[in-house]
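# Coordinate inspection notes
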Amino acid sequence: MNLVKRNFVFDFDSTLTRVEALDVLAEITLVGNPKKEEIIQEITKITNLGIDGEISFPQSLERRIQLLNAKKSDLPLLIGELKKHVSSSIERNKEFFENFSDDIYVISAGFKEFIDPIVAEYNIPSERVFANTFQFDENENIIGFDKENSLSKHKGKIECLQKLNLEGEVQVIGDGYSDAVTKEAGVADKFFAYTENVSRDKTIANADYVTPSLDEFLFVNKLPRNISYPKNRMKILLLENVHPDAFAKLSNDGFTVETVSRSLSEDELIEKLKDVHVLGIRSKTQVTKRVIEAAEKLMVVSAFCIGTKQIDLEACKENGIVVFNAPYSNTRSVVELAIGEIIMLMRSVFKRSTELHNGQWNKTAQGSREVRGKKLGIVGYGNIGKQLSVLAEALGMDVYYYDVEDKLALGNATRINSLKELLSISDVVTLHIDDNAANKNFIGEEELSYMKDGAHLVNLSRGFVVDIEALVKALKSGKLAGAAVDVYPEEPRKNGDFYTQLKGLDNVILTPHVGGSTEEAQKDIADFVPSKIMAYINSGNTVDAVNFPNIRLPRQKNAHRFLHIHRNTSGIMAKINKVLAKYELNITGQYLSTDSKVGYVITDVDKEYNEEVIEKLRKVEGTLRFRVLY
């Protein structure tokens, strides 16, 4: 137990609130002023110069007040706005201010007239608020400030702390240079650079700790908090040019996010994952068993794409690592490319275009046909197959489909019971099947022989599902009139040289695995996948997990949540509940889901309990992962 008395000294602007109060006051007082934006920019510039110590603080204060043209009657409006802009983590940890009120001070170069009403709601009385005060003229215009107040002067916070002469350890928490110099001057024992709202290089350079939120400050000080583990300590690594919206969404939620534009080799990945909790990849990075077993902190692997073949799903499961993907986000993009390629193949557009690029004018209708009335055979009637079915029918095509599972037809599509029959009746066949290893060479020489003479084949699914040699043979012989291929048995890990046996065939459209690569799809994926990551990390939800029991959890209400991932062997639930019973925990909710290999049990308990129970639960035989959420 820490017996040393601690005093917590908070800055106000951009620390307790997300904004600089005088900047907000300017927004209020300059309404209707044609030079409003220009004046606000100047006020902000002067504010920053003062905060960074580039000009003296009295200079900064005087120049800003002159530009404000404010009245006493503007202050209630300002206070109302500031109440809406209390820093998120401050608001979240209101109990800390209420419970440790006697140890908390606010020392600010702002003004008591608006600071007092804000911090009073956090149980901080006016006598522990040290700040400037406004001066008013007879018409209640704000004309200046009390120049005798030490906080209106350069290094005023140092002088204020010297006068207070606080007993015990003094910790200063702020975002500006005037906060940072208190440690150097010897009036503060520790300085915490508060970066939730603004990050200043000069401030950070002088900090004992950089604290992106109050959660981090409370964690470092081993103080009660409303979040079990500061999110800034949760590291997320995004590879392969994942859409920047994913970075923004995860960063805005408080996580520390690093991006790398390329895929990583196995050895590089092992080295990089040493302190990473969440990995985000696309299709090129291989997450092998060796990688998984070396990544001790890894909790989540997220594929920002449909496929998960690049991830060892079983090894993830056996190590308690949840895998998410984006099974729906790029559906429309793939479907649109399929429609476009069907039309281009049927009209011989690619062949005519190539001829014209080579200077050959060949205006002919030979081999050019409408898609209307033609038979489209869809192999794989999942999300993509179904949406393609609807759009193709709207173009006037007769749609047939084959799937190993019993799938309900959309529109007027007709289900065909055998692959052979589907291939034999279709003018165009499109493949939309999954990455199951059993689907290797799903379309081979025999299957191609079943197809109609002069038919077309489109593969936007997986490269290994088509025997390329057999396809080349069918194309060169004239058995098939054309093909469009977006995926290949082997694909390079980075852009550059590439070879396929299909190269040079004038009746083949080749694209470099871009079926789902549209700006819209990548943006949708960058919204969907981070939402799944955050739902799991923040609350334990595993809905839509690829390799894990799916649990949708209710929101926690005034409870701590124990998340226990274990091997699915008999008796583990009994052991968990035995521990909970021994420590007499009041359980407010319990949720369990299992599959053949793992069990996932979530227990919500009242906040008051003997913390020894946590270690006991970690040591239950068969435990893979355990964490506490609140």
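What counts as what
Residues numbered from 1 in each chain as written. Predicted model: local features only at pLDDT ≥ 70, side-chain atom pairs only at ≥ 80, totals over all residues. Heavy atoms only, no water. Buried < 20%, exposed > 50% of the residue type's maximum accessible area, 1.4 Å probe, protein only. Helix = DSSP H or I, 4+ residues; strand = E, 2+ residues; numbered from the N terminus. Pairing = 2+ DSSP bridges. Right-handed = clockwise from strand over helix to strand, strands pointing away. Domains from an automatic or database assignment. Contact = heavy atoms within 4.5 Å. Axes fitted to C-alpha atoms, helices over the stretch in contact; angles between N-to-C directions. Parallel < 35°, antiparallel > 145°, perpendicular 65-115°, else oblique. Left-handed = near helix turned anticlockwise from the far one by under 90°. Nonpolar A, V, L, I, M, F, W, Y, C, P; charged D, E, K, R; others polar. Phe/Tyr/Trp six-rings, centres within 6.5 Å; stacked < 30°, edge-to-face > 60°. Lys NZ or Arg CZ within 6 Å of the ring centre and 35° of its normal.

In this section: the pairing of strand β6 (residues 169-174). By the criterion of burial, β6 is predominantly enclosed, with six of the six residues buried. Residues of β6 alternate between two faces, with Glu169, Gln171 and Ile173 on one and Val170, Val172 and Gly174 on the opposite face, all of them buried. Here five bridges tie strand β1 (residues 6-10) to β6, and the two strands are oriented parallel to one another. Bridged to Phe8 within β6 is Gln171. One ladder, built from four bridges, connects β6 with strand β7 (residues 190-194); its direction is parallel. When the sheet's bridge partners are listed, Ile173 is paired in β7 with Phe192. Crossover β6 to β7 through helix α9 (residues 177-184) is right-handed.

Our focus in this paragraph is the domain arrangement of the protein. You can read the domains of the protein as domain 1 (6-221), domain 2 (231-324), domain 3 (330-510) and domain 4 (551-629). Here the C-alpha centre of domain 4 lies 43 Å away from the C-alpha centre of domain 1.

Looking at the secondary structure, you find Leu629 in strand β24 (residues 623-629). In this structure the C-alpha to C-alpha distance between Leu629 and Glu196, which are 433 residues apart in sequence, comes to 22 Å. With near-sequence residues (within four places) excluded, Leu629 lies in contact with Ser228, Ile537, Asn538, Ser539, Gly540, Gln556, Ala559, His560, Arg561 and Leu563.

Two numbers describe how helix α2 (residues 36-51) lies on helix α3 (residues 57-68): the axes approach to 9 Å, and their chain directions differ by 165°. The orientation of α2 with respect to α3, classified from their angle, is roughly antiparallel. The crossing of α2 and α3 is left-handed. Contacts between α2 and α3 involve Ile39, Glu42, Ile43, Ile46, Thr47 and Gly50 from the first element and Ser60, Arg63, Arg64, Leu67 and Leu68 from the second. Taken together, the residues of the contact of α2 with α3 break down into five nonpolar, three polar and three charged.

The residue Glu140 is not glycine, and still its phi comes out positive at about 65°. Inspection of the secondary structure assignment puts Glu140 in the loop between β4 (134-136) and β5 (142-145). Accessibility expressed as a relative area gives 41% for Glu140, which makes it partly exposed. Here Lys155, not a glycine, exhibits a phi torsion of approximately 60°, which is positive. Here Lys155 lies in the loop between β5 and α8 (156-164).

Moving on, we come to the packing of aromatic side chains. Taken as a whole, this structure holds 23 aromatic pairs when the rule is applied. Between Phe96 and Phe97 the ring centres are 5.2 Å apart and the planes differ by 70°, which places this aromatic pair in the edge-to-face class. Each member of the pair Phe96 and Phe97 is classed as buried. Plain terms: the ring middles of Phe96 and Phe217 are 6.5 Å apart, the flat faces sit at 70° to each other, and that makes the pair edge-to-face. Here the residue Phe96 occupies a position in helix α6 (residues 94-99), and Phe217 occupies one in helix α11 (residues 214-220), the gap between them amounting to 121 residues. Classification of Phe96 by relative accessible area gives buried; the value is 3%. Taken together, the ring pairs in this structure connect Phe8, Phe10, Phe96, Phe97, Phe100, Tyr122, Phe192, Tyr209 and Phe217 into an aromatic cluster. When the ring centre of Phe145 is taken as origin, the NZ or CZ atom of Lys147, which lies over that ring, is 5.9 Å away.

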